[in-house]
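Examining the three-dimensional arrangement
One-letter residues, chain by chain:
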Amino acid sequence: MTETVNRIFKTELKRLGLKRYDVARELGMSYPSLKTKVDDPNRFTFGDLKTLAELGINLKLELFYDARFSEKDV
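Structural notes, computed from the coordinates. All of these numbers come straight from a predicted model, not from anything done at the bench. (Residues numbered from 1 in each chain as written. Predicted model: local features only at pLDDT ≥ 70, side-chain atom pairs only at ≥ 80, totals over all residues. Heavy atoms only, no water.)

On to helix 2 (residues 20-27). Of the residues making up helix 2, those classed as buried are Val-23, Ala-24 and Leu-27. Looking straight down helix 2, one finds its buried side chains confined to an arc of 100°; they lie on one side. Turned more than 90 degrees off the buried face of helix 2, the exposed positions are Tyr-21 and Arg-25. Residues of helix 2 that are buried in the fold lie against helix 1 (5-16), helix 3 (31-39) and helix 4 (46-54). (Buried < 20%, exposed > 50% of the residue type's maximum accessible area, 1.4 Å probe, protein only. Helix = DSSP H or I, 4+ residues; strand = E, 2+ residues; numbered from the N terminus. Arc of directions from axis to C-beta. Contact = heavy atoms within 4.5 Å.)

Below is the structure:
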């Protein structure tokens, strides 16, 4: 897959005119913590994802959905 969460995140911030520091502040974390989570999306909590959605950031995580799980497993 050529599109990574990091690239999608960067594109979404540009589209919305947001800075990473602003997003980190909204999430209640440091910039390095945000970078760690963007680099490894498995570290995002449900609350983090909810806040990102409220900010209008769509990480398109369905592109990275693991087909081993079905909807009933989640």
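Before going further, it helps to spend a moment on the pattern of salt bridges. Within the structure shown, the criterion is met by 6 salt bridges. The salt bridge partner of Glu-12 is Arg-15, with a shortest N-O separation of 2.7 Å. Pair noted here: Glu-12 and Arg-15 are both in helix 1, with a separation of 3 residues, about one helical turn. Asp-22 serves as the salt-bridge partner of Arg-25, at 3.5 Å between the closest nitrogen and oxygen. With Arg-25 and Asp-22 both in helix 2, this residue pair falls 3 residues apart, about one helical turn. Here Arg-25 falls in the exposed class, since its relative accessible area comes to 57%. Of the residues examined, Asp-22 reaches a relative accessible area of 25% and is grouped as partly exposed. (Salt bridge = Lys/Arg side-chain N within 4 Å of Asp/Glu carboxyl O.)

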